[in-house]
Amino acid sequence: MFRGSFEFDKDTIIAKFNDIASRSKNFDKYGYGDFEGDVGSSANNSNHQPHTWPELQPYYDWILERSKEIFKLWEMENDPYIDRSWINRYGKGGVLNQHRHANTDLIAVSYIQVPKNGGDLIIVDPLEYHWFRMPSNNNLQMYFGQTVPVATNDVIFFAGFLRHSVEPNQSDYYRWIISTNIRTKGN
Amino acid sequence: MFEGEYEFDRTALIPQLEALSDSPKFGNYGNMLEVGDAGSTAHDYVNQPHLLMPEFTKWALDRASEIFNLWRMQTTKAHVVRSWVNRHRKGGWTNFHTHPNTDLVVAAYIQVPKNGGNLLIIDPLENHWFGMPTTRNISEQTGKPYPTMNDKVYFFAPFIRHATEASNSDRDRWVMSMNINCERLF
C-alpha cells in the first residue's frame, strides 16, 4: 500500500464530472451489488475515461512515474500503462461494498473531494484465510477490514488483489474519486 | 517475521543435544522432511530440548507474548506446545514445510558453522503475486534466504512455508524448533 498526494484543480474537474454525470445515461451503479445507496459511476462507460482527458494529463504522467517506482519494488520489469479509469460519486449514505479489481496489477484511487465524514477506504488483509484459524481478535476486524483515512488530494496505490470497500458517506456533500487500473506492458 | 538474539552456552548444550540424537527416535520426521545427512528429535515427545534450557524458554515465551500482543491474540499468555532439535551435517537439509495447529514458530540457531545454510522463507502471498508479471515469481519458487548464525532466533507465523539450505560445512548445524501457543479463552 502506497500513499501520495496530488494537487487537483478540483473546481475544473468536478465541473467536468457533473457534466458527464448529467449527460451520461449509464452513470449509475456498477457490478452486482458492489454499490448501494446514492452512488454513481462512469465505470459502465468507456467513452468517459478520465485518463483520456487533457486536463488530467499532468496527473496521469505523475501516476505513471509513481507506478514505475512501485513496479520496480515489486520486481516488475516492464513499463506501466493505464488500462482503464472511471469516476465515482457518493451521495449521502452511498457505499461501495468489498471488491477487487480483476486482471489488474495496480490500483490508484485519487480523492478529488472528500467532505468531512465522507467515509474512509477499508482494506481487508490478504492473509485473512491464513489468520482465520488463529485465536486472534484481528479475525473479528478482518470481516470489515482496516480503515485507511483519506482526504481531498490523497492518492492511494495498492495491488489489484487487495479486497477493499468504502465507508458510507455521512455528509450532505458529494465524495468524488477517480479509480484507475494500471498494468504492465507485456502481460 | 521477528528476529532476536540469545547467547547459548554451546559448551554445555551441544553434548546434551548429541545425547538426544543418540536416541533411536532421532531421524527423519514426516515424509522426506529431512534430506541427506539430517535428523530430528521431533518423534521424541519426552526428551524435548526446551526442558534443557529453562532460561532460554522463559526469554522466548516473553518474546512470544509481545508478538501475541501485536497480533491481537485472545491472550498474551504463551506456552510451549513442543520442541525438537535438528542436526544438519554436510549435504543435509530440511525440506519446505509449515507447522500446523500452532500459533507461533521459534527457530533458535544454537550452532551454525560457516556455510551451514540459511533459512528459506516463502512469501505467504505467493498465490496472489502469481498472476503478476514479476520476477519475484521465479525467486519465490525457492524462497527468500534469511541469514543464520550462532545465537540467532527467528519467530514467525506457523503458516509461513520454510526450509533450510543444505549445510556445506564439515561441522554440525544445530537448530532448536519450538511450537508456541497462546492460552485459549474458548
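1. Here we look at the environment of methionine 1 of chain A
Residues and elements named next belong to chain A.
Part 1 of the reasoning: Counting through the fold element by element, methionine 1 comes out in the segment before strand 1 (2-5).
Part 2 of the reasoning: In sequence terms methionine 1 and lysine 185 are 184 residues apart; their C-alpha atoms lie 21 Å from each other.
Part 3 of the reasoning: When sequence neighbours within four positions are dropped, the list of residues in contact with methionine 1 reads Leu121, Ile123, Val148, Ile156, Phe157 and Phe158.

2. Some words on the interface of chain B and chain A
Part 1 of the reasoning: Across the boundary between the two partners, chain B contributes 22 residues, which contact 21 residues of chain A.
Part 2 of the reasoning: Contact between chain B and chain A buries roughly 2,100 Å² in total, counting both sides, with carbon and sulfur atoms accounting for 62%.
Part 3 of the reasoning: Of all residues in chain B, the largest losses of buried area upon contact with chain A belong to Arg72, Pro133 and Phe159 of chain B, amounting jointly to 29% of the total for that side.
Part 4 of the reasoning: Notably, a salt bridge pairs aspartate 103 of chain B with arginine 133 of chain A, separated by 4.0 Å at the nearest N-O pair.

3. Examining the environment of glutamine 48 of chain B
All names here are of chain B.
Part 1 of the reasoning: When you line up the elements, glutamine 48 lands in the loop between strand 3 (38-40) and helix 2 (54-70).
Part 2 of the reasoning: Owing to a relative accessible area of 12%, glutamine 48 belongs among the buried residues under this scheme.
Part 3 of the reasoning: Taking the C-alpha atoms as reference points, glutamine 48 and arginine 171, separated by 123 residues in sequence, lie 23 Å from one another.
Part 4 of the reasoning: In this view, glutamine 48 contacts Val81, Arg82 and Ser83; residues no more than four positions away in its chain are not counted.
Part 5 of the reasoning: At a separation of 2.7 Å, a polar atom in the side chain of glutamine 48 contacts the main-chain amide nitrogen of serine 83.

4. Overview of the confidence of the model for chain B
Part 1 of the reasoning: For chain B, per-residue confidence averages 93 on the pLDDT scale, and 99% of positions sit at 70 or higher.
Part 2 of the reasoning: Here the prediction assigns the complex a pTM of 0.84, and the interface score ipTM is 0.75.

5. Points about the pairing of strand 4 (residues 78-88) of chain B
Residues and elements named next belong to chain B.
Part 1 of the reasoning: Counting buried positions over the eleven residues of strand 4 gives nine, a clear majority of the element.
Part 2 of the reasoning: Judged from the three bridges that link them, strand 3 and strand 4 form a sheet pairing that is antiparallel. Looking at the pairing, alanine 38 lines up with histidine 88 of strand 4.
Part 3 of the reasoning: In this structure, strand 4 lies alongside strand 11 (residues 173-182), joined through ten bridges in antiparallel fashion.

6. Focus: the nonpolar core
Part 1 of the reasoning: By size, the foremost hydrophobic cluster in this structure holds 97 residues, and its most contacted members are Ile63 of chain A together with Phe56 of chain B.
Part 2 of the reasoning: Those residues in contact with phenylalanine 56 of chain B that lie beyond four places of it in its chain are Tyr6, Phe8, Val106, Ala108, Val153, Met176 and Met178 of chain B.

7. Looking at the sheet that holds strand 9 (residues 154-159) of chain A
All names here are of chain A.
Part 1 of the reasoning: Taken together, the six strands give an open sheet; going across it, the order is 1-9-6-11-4-3, and neighbouring strands pair in antiparallel fashion. Both edges of this open sheet fall to strand 1 and strand 3 (39-41), since each of them pairs with a single strand only. Taking the axes of each pair of neighbouring strands and ignoring which way they run, one obtains an average angle of 20° across the sheet.
Part 2 of the reasoning: Both strand 6 (residues 106-113) and strand 11 (residues 175-184) contribute to a ladder of seven bridges, which runs antiparallel. Paired with serine 110 across the two strands is isoleucine 178, which belongs to strand 11.

Rules used throughout
Residues numbered from 1 in each chain as written. Chains lettered and ligands numbered in written order. Predicted model: local features only at pLDDT ≥ 70, side-chain atom pairs only at ≥ 80, totals over all residues. Heavy atoms only, no water. Helix = DSSP H or I, 4+ residues; strand = E, 2+ residues; numbered from the N terminus. Contact = heavy atoms within 4.5 Å. Buried area = accessible area lost by both parts, 1.4 Å probe. Salt bridge = Lys/Arg side-chain N within 4 Å of Asp/Glu carboxyl O. Buried < 20%, exposed > 50% of the residue type's maximum accessible area, 1.4 Å probe, protein only. Polar contact = N/O pair within 3.5 Å; in protein donor to acceptor, adjacent residues only side chain to side chain. pLDDT = per-residue confidence, 0-100. Pairing = 2+ DSSP bridges. Core = buried A, V, L, I, M, F, W, Y, C linked by side-chain atoms within 4.5 Å. Axes fitted to C-alpha atoms, helices over the stretch in contact; angles between N-to-C directions.

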